[in-house]
Amino acid sequence: MKIAVIVFPGSNCDIDLYEALGTVCGADVDYVSHHETSLDDYDAVMLPGGFSYGDYLRAGAIARFTNIMPAIIKMAHEGKPVFGTCNGFQILTEAGLLPGALKPNDSQRFICKTVPLEVVNNRTLFTSQYKPHERIKLPIAHADGSFYADQKTLDQLEANHQVVFRYAEENPNGSLRNIAGITNQRGNVLGMMPHPERAVEAILGNTDGLRLFKSLLANGSVKVAEQ
């Protein structure tokens, strides 16, 4: 399985993703510039956290129009795994690959801490190695992480089991229904505000994110059929 980590101007978690997949998991992973126009050689794509284009206009709004985005959209439509964390999640919503939007935190402040999460759906390409409703802890670091969607969309997300992670015990940013991560209806695109790539080594004090990448590597070579 060959994986692309996209590098946008202002990305700062691309190295974290590369190291989590390549160094810790031993995966075949490459950095791919936002200038590129093809991902035909890759089986999965990762959109990192950070501040693409300085978060001007809206977080992810400019990155959505870069050269690489049509190739990412093509991969999503082909059923290949597409993953975005933090700014990557924001880009996926801006591109229409995931519903809803990420608005400023209710506190109007940047939040950086480790938070408890519930694994709501462990039947995805990305979560199969977690237990149903398992409680884990992952770091967050964002200013625009409050998930918003209209009531109809929220109900559809719940009915289709697209809510994958939910904030547990506390809601750090005001996300509706405590939503921390969702998939598309097909299940091959995952966006989440927490950073699993920052929780993959015991020396850092937390390995709760490691099983997300192990799940992907175990399952990601199979394209997800359209529903």
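Small disclaimer: the values here were computed from a predicted structure and weren't measured. (Residues numbered from 1 in each chain as written. Predicted model: local features only at pLDDT ≥ 70, side-chain atom pairs only at ≥ 80, totals over all residues. Heavy atoms only, no water.)

Draft legend 1. Representation of the overall build of the protein. Each helix and strand counted, the protein has five helices and eleven strands in total. Compactness check: the protein gives a C-alpha radius of gyration of 16 Å against a globular reference of 17 Å for 227 residues, within 12% of the reference. With respect to the three principal axes, the spread of C-alpha positions in the protein is 40 × 40 × 40 Å. Every one of the 227 residues in the protein was classed for burial, and the buried ones make up 55%. Of all intrachain contacts in the protein linking residues separated by at least 6 positions in sequence, the fraction that spans at least 24 positions is 74%. When the accessible area of the protein is evaluated, it comes to approximately 9700 Å², of which 48% is carbon and sulfur surface. (Helix = DSSP H or I, 4+ residues; strand = E, 2+ residues; numbered from the N terminus. Rg over C-alpha atoms; globule rule 2.2 N^0.38 Å. Buried < 20%, exposed > 50% of the residue type's maximum accessible area, 1.4 Å probe, protein only. Contact = heavy atoms within 4.5 Å. Areas by Shrake-Rupley, 256 points an atom, 1.4 Å probe, with all protein chains shown as cover.)

Draft legend 2. Expanded view of the pairing of strand S1 (residues 2-7). Of the pairings in the sheet, the one linking S1 to strand S2 (residues 28-33) comprises six bridges and is parallel in character. When the bridges of S2 are listed, Ile6 appears paired with Val32. Each parallel crossover has a hand, and for S1 linked through helix H1 (residues 14-24) to S2 it is right-handed. As judged from the three bridges shared by S1 and strand S3 (residues 44-47), these two strands associate in the parallel manner. Considered in S3, the bridge of Val5 is made with Met46. (Pairing = 2+ DSSP bridges. Right-handed = clockwise from strand over helix to strand, strands pointing away.)

Draft legend 3. Structural detail: helix H3 (residues 87-94). For H3, the buried fraction is high: seven of the eight residues fall into the buried class. When we look at burial in H3, the residues that qualify are Asn87, Gly88, Phe89, Gln90, Ile91, Leu92 and Thr93. Taken from the residues just after H3, Gly96 is the one with a positive phi, measuring 80°.

Draft legend 4. Just the side chain of Arg186, in detail. Structurally, Arg186 is set in the loop between strand S10 (179-183) and strand S11 (189-192). On the basis of relative accessible area, Arg186 is assigned to the buried category, the value being 16%. Within the local environment of Arg186, its side chain forms a polar contact with the backbone oxygen of His77, the two atoms lying 2.6 Å apart. (Polar contact = N/O pair within 3.5 Å; in protein donor to acceptor, adjacent residues only side chain to side chain.)

Draft legend 5. Quick look at H1. Those residues of H1 that sit buried are Asp14, Leu17, Ala20, Leu21 and Gly22. An end-on view of H1 places all buried positions within 165° of arc, on one side of the element. Buried residues belonging to H1 abut S1, S2, S3, strand S4 (82-85) and helix H5 (210-219). (Arc of directions from axis to C-beta.)

Draft legend 6. Representation of the nonpolar core in the model. Ranked by internal contacts, the top residues of the largest apolar core, which has 66 residues, are Ile6, Leu39, Ile72 and Phe165. The element contributing the most residues to this core is helix H2 (residues 69-77), with six residues. Leaving out residues up to four positions away in the same chain, Leu39 has contacts with Ala4, Ile6, Val32, Val45, Ile68, Ala71, Ile72 and Met75. (Core = buried A, V, L, I, M, F, W, Y, C linked by side-chain atoms within 4.5 Å.)

Draft legend 7. Fine view of the packing of aromatic side chains. Taken as a whole and judged by the stated rule, the model has five aromatic pairs. Look at Phe83 and Phe126: their rings are 6.3 Å apart centre to centre, the planes differ by 35°, and that puts the pair in the tilted class. Highlighted residues: Phe83 in strand S4 and Phe126 in the loop between strand S6 (111-119) and strand S7 (135-142), separated in sequence by 43 residues. Consider the rings of Phe89 and Phe147, whose centres lie 6.2 Å apart with planes at 15°: the pair is stacked. Of this pair, Phe89 sits in helix H3 while Phe147 sits in strand S8 (residues 146-148), placing them 58 residues apart in sequence. Classification of Phe89 by relative accessible area gives buried; the value is 1%. One cation-aromatic arrangement involves Arg64 over Phe65; the distance from NZ or CZ to the ring centre is 4.9 Å. (Phe/Tyr/Trp six-rings, centres within 6.5 Å; stacked < 30°, edge-to-face > 60°. Lys NZ or Arg CZ within 6 Å of the ring centre and 35° of its normal.)

Fair warning: the whole summary comes from geometry, so function is off the table for now.
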